[in-house]
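Coordinates in review
Each chain is listed here by its residues.
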Amino acid sequence: MRDNSAVAYDDALRRALRTGWHCVPDRIAPLARGLTSLTWLVAVDGEEYVAKLVPAQRRAHFEAGLAAAHHLLTRGIDAGAPVRTLAGRLVVDLAEGALALLRRVPGGTGRTGVIDWGSAASGPLMFDVASAVMYAGGPDVAGDLLDGYAAAGPVPRDEIETTLPVLLRFRWAAQADWFARRIHEADVTGVRDAADNLAGLHAARDALARIACVER
């Protein structure tokens, strides 16, 4: 998926929707690019769905996420759950990757939904917390986020305070590794050009350097 243009997959997408789900879309429109996937808004007989395509090597994590979304839907939580194919599968295999058709979670309804199941895996809960803190801009600006998470009770406050520095350092290292791999593979899915991958790598490097300075 080195071609980050969703338009380039239009014919393959239409064939997959026809053969995999037996549906002929009234309209297909590319959505905003994601770093690990390509997505389209698909309208069929007045209903709207989201088609999501991930690289073949990410299929196992993608299917795990789709299974989690289906589980949440059975518990009454909007989660962009997958529409199973005619054969009962979660995805259709294409030369370009693994494709799923998802139920669209509309915005502005007053209900909370959970979306974006491109990569699910098992791991410590604090890795997810570290990811949230990283994207929020670091511990100095994530106080309310951490207070809210501690109040919800999944992880005790003392465990959060003890493990967050280690998991945050690991999360930035994973970020550096991810961008380095994208640079090596010339993968520009979800970014404007190769310079964005380099900027991501430099941001991870600088964050790790700041953490090292604080620890000294």
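All values derive from a computational prediction rather than experimental measurement. The residue count restarts for each chain, going from 1 along the sequence in the order it is written. For a predicted model such as this one, the threshold for reporting local features is a pLDDT of at least 70, and the threshold for listing and counting side-chain atom pairs is 80 or more; totals across whole chains, interfaces and linings nevertheless cover every residue. The side-chain figures draw on all heavy atoms in the structure; neither hydrogens nor water molecules are used.

From N to C terminus, the protein chain includes six helices and five strands. Strands are runs of DSSP state E lasting at least two residues, helices are runs of H or I lasting at least four, and both sets are numbered from the N terminus onward. Its helices and strands taken in sequence order, the protein chain reads α-β-β-β-α-β-β-α-α-α-α from the N to the C terminus. The principal-axis extents of the C-alpha atoms in the protein chain amount to approximately 60 × 40 × 30 Å. Per-residue accessibility, obtained with a 1.4 Å probe over protein chains only, is compared with the maximum for each type, and a residue is labelled buried under 20%, exposed over 50%, and partly exposed between these values. Burial statistics for the protein chain: of 216 residues in total, 37% are counted as buried. Any two residues whose heavy atoms approach within 4.5 Å at even a single point are treated as in contact. Within the protein chain, residue pairs in contact and separated by at least 24 positions form 59% of the contacts whose partners lie at least 6 positions apart. Shrake-Rupley sampling with a 1.4 Å probe provides the accessible areas, and residues are treated as covered by the protein chains on show and by no other component. When the accessible area of the protein chain is evaluated, it comes to approximately 12,200 Å², of which 55% is carbon and sulfur surface. In summary, the charge assignment counts Lys and Arg as positive and Asp and Glu as negative, without counting His or the chain termini. For this purpose, a charge sits on NZ of Lys, CZ of Arg, CG of Asp or CD of Glu. Averaging the coordinates of the 24 positive side-chain charges in the protein chain and doing the same for the 26 negative ones gives two points 3 Å apart.

Any residue with an atom within 4 Å of a point lines the site, the site being either a cavity, points on a 1 Å grid over the protein atoms alone where a 1.4 Å probe fits but cannot get out, or a pocket, an open set with protein on both sides within 12 Å along at least 5 of 7 lines. Grid points are joined across faces, edges and corners, and a volume is the space filled by probe spheres set on the points. The tally for this structure, following the rule as stated, stands at one cavity of 30 Å³ or more. In this model, the largest cavity occupies a volume close to 30 Å³. Along its surface, the largest cavity is lined by Y9, A12, L13, W40, L53, L94 and L99. Polar here means any residue other than Ala, Val, Leu, Ile, Met, Phe, Trp, Tyr, Cys and Pro, which are nonpolar, and Asp, Glu, Lys and Arg, which are charged; Gly is therefore polar. Residue composition of the lining of the largest cavity, grouped by class: seven nonpolar, no polar and no charged.

A word on the nonpolar core. What is meant by a nonpolar core is a set of buried Ala, Val, Leu, Ile, Met, Phe, Trp, Tyr and Cys residues, joined one to another through side-chain atoms within 4.5 Å. The biggest cluster of nonpolar side chains holds 18 residues, and the ones touching the most others in it are M126, V133, L164, L168 and W172. Those elements giving two or more residues to this core turn out to be helix 3 (125-136), helix 4 (143-152), helix 5 (157-185) and helix 6 (194-215). Leaving out residues up to four positions away in the same chain, M126 has contacts with V155, I160, T163, L164 and L167.

Any space left empty among the atoms is revealed by the rolling of a water-sized probe across them. In this structure, the second largest pocket spans a volume of roughly 400 Å³. Contributing to the lining of the second largest pocket are 14 residues, with G138, P139, L168, I211 and V214 lying nearest its centre. Looking at the lining of the second largest pocket, the elements that each hand over two or more residues are helix 5 and helix 6. For the lining of the second largest pocket, the leading source of residues is helix 6, giving five residues.

Turning our eyes to something else, we now look at helix 1 (residues 10-21). Take the number of residues in a helix, subtract one, and multiply by 1.5 Å to get its expected span. The first and last C-alpha atoms of helix 1 sit 16 Å apart over 12 residues, in line with the 16 Å expected at 1.5 Å per residue. Regarding helix 1, the residues found buried are A12, L13, A16, L17, G20 and W21. Looking straight down helix 1, one finds its buried side chains confined to an arc of 135 degrees; they lie on one side. Within helix 1, the exposed residues directed more than 90 degrees away from the buried face are D11 and T19. The inward-facing, buried residues of helix 1 abut strand 1 (27-30), strand 2 (38-44), strand 3 (47-54), strand 4 (92-94) and strand 5 (97-103). To obtain the arc, one takes the directions from the helix axis to the C-beta atoms.

This paragraph deals with the packing of aromatic side chains. Ring pairs shown here join Phe, Tyr and Trp side chains whose ring centres sit within 6.5 Å, with only the six-membered ring taken for Trp; geometry is labelled stacked below 30 degrees between planes, edge-to-face above 60, and tilted in between. Scanning the model with the defined rule gives two aromatic pairs in all. Seen from their ring centres, F127 and F170 are 5.9 Å apart, and the 65 degrees between their planes marks the pair as edge-to-face. Placement of the pair is F127 in helix 3 and F170 in helix 5, with a sequence separation of 43 residues. Arranged with centres 5.1 Å apart and planes meeting at 70 degrees, the rings of W178 and F179 form a pair that is edge-to-face.

On to the packing of helix 3 against helix 5, then. Comment: axis = line fitted to C-alpha atoms, over the contacting stretch for helices; angle = value between 0 and 180 degrees taken between N-to-C directions. The geometry of helix 3 relative to helix 5 is characterised by a closest axis approach of 8 Å and an angle of 70 degrees between their N-to-C directions. With respect to helix 5, the element helix 3 is oriented roughly perpendicular. Along this stretch, helix 3 crosses helix 5, giving a crossing that reads as right-handed. Within the contact between the two elements, helix 3 uses M126, F127, V129, A130, S131, V133, M134 and Y135 and helix 5 uses I160, T163, L164, L167, L168, F170, R171, W172 and Q175. For the contact of helix 3 with helix 5, a count of residues per class yields 13 nonpolar, three polar and one charged. An angle below 35 degrees is read as roughly parallel, one above 145 as roughly antiparallel, one from 65 to 115 as roughly perpendicular, and any other as oblique. Here a crossing is taken to be left-handed if its near helix is turned anticlockwise relative to the far helix by less than a right angle, and right-handed if that turn runs clockwise.

To continue, consider the sheet that holds strand 3. A pair of strands is labelled paired if DSSP reports no fewer than 2 bridges between them. With antiparallel pairing, five strands are arranged side by side in an open sheet as 1-2-3-5-4. Taken across any chain shown, the strands that pair with only one partner, and hence form the sheet edges, are strand 1 and strand 4. Between one strand and the next, the sheet's axes are offset by a mean angle of 30 degrees, whatever the strand orientation. Judged from the three bridges that link them, strand 4 and strand 5 form a sheet pairing that is antiparallel. Paired with D93 across the strands is A98, a residue of strand 5.

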